[in-house]
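Examination of the molecular architecture
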Amino acid sequence: MEGVLKMILKALRKNGAVTINYYKNGLLQTFKGKIQRLDLTDQTLSLKDEQQNTFSIRLSGIKEIY
């Protein structure tokens, strides 16, 4: 979990679009958008894509952020 938080904090400093590789239902997915909210209580990361759709990703599923 500590490694994921470091990746998220580093991405937050960029203040632009990020690409996230994450696991959902056992499949590796990719998302590109802006980070909107980090919720440590629910352990989720909310993001907004180019069409202004909001998505939520569980922190435990995140593999890589760049």
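Overview of the structure. All of these numbers come straight from a predicted model, not from anything done at the bench.

Along the polypeptide, N53 turns up in the loop between strand 3 (44-48) and strand 4 (54-58). Separated by 20 residues in the primary sequence, N53 and G33 place their C-alpha atoms 9.4 Å from one another. Ignoring any residue separated from it by four or fewer positions in sequence, one finds N53 in contact with L47 and K48.

Right, let's get into unusual backbone geometry. Of note, the phi angle at N25 is positive, near 55°, even though the residue is not glycine. Turning to its location among the elements, N25 is positioned in the loop between strand 1 (18-24) and strand 2 (27-39). Since its relative accessible area comes to 74%, N25 is described here as exposed. Unusually for a residue other than glycine, Q52 sits at a positive phi of about 70°. Take Q52: it is sitting in the loop between strand 3 and strand 4.

Summarising the sheet, strand 1 and strand 2 pair through seven bridges and their orientation is antiparallel. When the sheet's bridge partners are listed, I20 is paired in strand 2 with F31. Two successive antiparallel strands, strand 1 and strand 2, enclose a turn made up of two residues, where N25 displays a positive phi of approximately 55°. Sheet topology places strand 2 next to strand 3; five bridges connect them, and they run antiparallel. From the neighbouring strand, R37 faces strand 3, where its bridge partner is S46. Linkage of strand 2 to strand 3, two consecutive antiparallel strands, is achieved through a turn of four residues, within which Q43 is found at a positive phi near 55°.

We now examine the pattern of salt bridges. Across all of its chains, the model carries one salt bridge by this definition. D39 is the partner of R37 in a salt bridge, and the nearest nitrogen-oxygen pair spans 3.5 Å.

Turning our eyes to something else, we now look at the sheet that holds strand 1. With antiparallel pairing, the five strands of this open sheet are ordered in space as 4-3-2-1-5. Whereas interior strands pair on both sides, the edge strands pair on one side only; in this sheet they are strand 4 and strand 5 (62-65). Between one strand axis and the next, the sheet turns through 45° on average, direction left out of account.

Rules used in this analysis
Residues numbered from 1 in each chain as written. Predicted model: local features only at pLDDT ≥ 70, side-chain atom pairs only at ≥ 80, totals over all residues. Heavy atoms only, no water. Helix = DSSP H or I, 4+ residues; strand = E, 2+ residues; numbered from the N terminus. Contact = heavy atoms within 4.5 Å. Buried < 20%, exposed > 50% of the residue type's maximum accessible area, 1.4 Å probe, protein only. Pairing = 2+ DSSP bridges. Salt bridge = Lys/Arg side-chain N within 4 Å of Asp/Glu carboxyl O. Axes fitted to C-alpha atoms, helices over the stretch in contact; angles between N-to-C directions.

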